[in-house]
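Fold and contact review
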Amino acid sequence: MVELSLPRGATSLADGVVDAVRAGITAGQLRTDETYSVYQLADLLGVSRSPVREALLRLAEAGLVEITRNRGFRVVLPRARDIEEIFDLRLALEPRAARRAAESADVTERGGIRDAFGSMVAAVDRASEEDFWVADHRLHDRLMQAGGNRRAAAVIERLRATTALLGPPTTTSGRSLGEIRDEHAPIVDAILAGRGADAETAMRLHLERTGVLLARTVGGGTAPGGPSHGAPLPAGRPPVGAA
């Protein structure tokens, strides 16, 4: 008998369904060898089928479930290679965006970057992981927007959302919030000082380190772009954002 419930505080019903499914996987309520229907999930959570379908589409895009037409969905545990492919794409876009931000960001954009990093620093001081990931998300978005390519910014937004659905933050692998903050500091310093090459290098180093740690968290992964052992990703509640 499957037992699921909507978490409190979800920003939408679809978000609540996403969290409930991930919690169900973590608790062993939803198994990889079973097929579940949209109707069954809607009844269990006491919601209509529309937010369930929306949530399942998001989870399927992230690789966490597989939808079978006219049958329902099955849980699919992602593999380390999924993380590596996401960071391959991020490495192709974000370091260059950081360089462009350093070379061409206006006063308002630089102020937004400075404020976002300040929120990250304040979250570390308060030891608030939730606030930290909100600030991390805001900082990366400000950097991409200042880089001048809004299509690339939208792509990165989707990739970061997918990473958040797939697994835990890199703090679970032993990296502290302060260490993550310190990796962002040279990126921000270089952008505010107009040093394009330094900003690009610092962003690349940050993403490479994050990608390696996330791949290791899921088991047996390698650096982005390298071969993967394909170990399954352990389920867990996703973070608000992902560095």
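Heads up: these notes are all about the structure in this document. (Residues numbered from 1 in each chain as written. Predicted model: local features only at pLDDT ≥ 70, side-chain atom pairs only at ≥ 80, totals over all residues. Heavy atoms only, no water.)

Going through the model one piece at a time under the given rule, you end up with 15 salt bridges. Among the ionic pairs, Asp131 bridges to Arg126, the shortest N-O distance being 2.9 Å. The exposure class assigned to Arg126 is partly exposed, which follows from its relative accessible area of 49%. A salt bridge links Arg209 to Glu183, with the shortest nitrogen-to-oxygen separation between them at 2.7 Å. Of this pair, Arg209 sits in helix H9 (residues 196–218) while Glu183 sits in helix H8 (residues 177–192); the two residues are 26 residues apart in sequence, bridging distant segments of the chain. On the basis of relative accessible area, Arg209 is assigned to the partly exposed category, the value being 41%. (Salt bridge = Lys/Arg side-chain N within 4 Å of Asp/Glu carboxyl O. Buried < 20%, exposed > 50% of the residue type's maximum accessible area, 1.4 Å probe, protein only. Helix = DSSP H or I, 4+ residues; strand = E, 2+ residues; numbered from the N terminus.)

So, on to the environment of Glu103. By the element assignment, Glu103 lies in helix H4 (residues 80–104). The sequence separation of Glu103 and Gly194 amounts to 91 residues, and the corresponding C-alpha distance is 5.5 Å.

Our focus in this paragraph is helix H5 (residues 107–126). Since the α-helix advances by 3.6 residues per turn, residues separated by three or four positions end up pointing in the same direction. Here H5 contains 20 residues, and its C-alpha end-to-end distance of 29 Å stays within 8% of the 28 Å for a straight helix at 1.5 Å per residue. For H5, the full list of buried residues reads Arg110, Gly111, Gly112, Ile113, Ala116, Phe117, Met120, Ala123 and Val124. On its buried side, H5 packs onto H4, helix H6 (129–146) and H8. Near the N-terminus of H5, the side chain that reaches the backbone nitrogen of Thr108, with its oxygen 3.1 Å away, is that of Asp106. Positive phi appears at Ala127, one or two residues downstream of H5, with a value of about 60°. (Expected span 1.5 Å × (residues − 1). Contact = heavy atoms within 4.5 Å. Polar contact = N/O pair within 3.5 Å; in protein donor to acceptor, adjacent residues only side chain to side chain.)

With 4 bridges joining them, strand S1 (residues 65–68) and strand S2 (residues 72–75) adopt antiparallel strand pairing. When the bridges of S2 are listed, Thr68 appears paired with Gly72. From the end of S1 to the start of S2, which pair antiparallel, there are 3 residues, and Asn70 there has a positive phi angle of about 65°. (Pairing = 2+ DSSP bridges.)

Attention shifts here to the nonpolar core. Of all hydrophobic cores here, the largest spans 39 residues; its most connected members are Ile113, Phe132, Leu139, Leu143 and Ile191. Elements represented by at least two residues in this core include exactly H4, H5, H6, helix H7 (150–166), H8 and H9. The greatest single-element share of this core, amounting to 8 residues, is contributed by H4. Apart from the residues within four sequence positions on either side, Ile113 is in contact with Leu139, Arg142, Leu143, Ala146, Val188 and Ile191. Core analysis: the next-biggest nonpolar cluster, separate from the first, contains 22 residues, Val18, Leu30, Val52 and Ala55 among them. (Core = buried A, V, L, I, M, F, W, Y, C linked by side-chain atoms within 4.5 Å.)

By the secondary structure assignment, Glu94 is in helix H4. Polar side-chain contacts of Glu94 include one of 2.5 Å to the side chain of Arg90. Ignoring sequence-local partners within four residues, the contact set of Glu94 consists of His140, Met144, Ile156, Met203 and Leu207.

Turning to the packing of aromatic side chains, a few remarks are in order. Counting across every chain of the model gives 2 aromatic pairs. Note on Tyr36 and Phe73: the rings are 5.7 Å apart at their centroids and 40° apart in plane angle, and the pair reads as tilted. With Tyr36 in the loop between helix H1 (13–26) and helix H2 (38–45) and Phe73 in strand S2, the pair connects residues that are 37 residues apart, well separated along the chain. Note on accessibility: Tyr36 and Phe73 belong to one class, buried. (Phe/Tyr/Trp six-rings, centres within 6.5 Å; stacked < 30°, edge-to-face > 60°.)

Inspection of the secondary structure assignment puts Leu192 in helix H8. Looking at Leu192, the relative accessible area reads 28%, which means it is partly exposed. Non-local contacts of Leu192, meaning those with residues more than four positions away in its chain, are made with Arg110 and Arg114.

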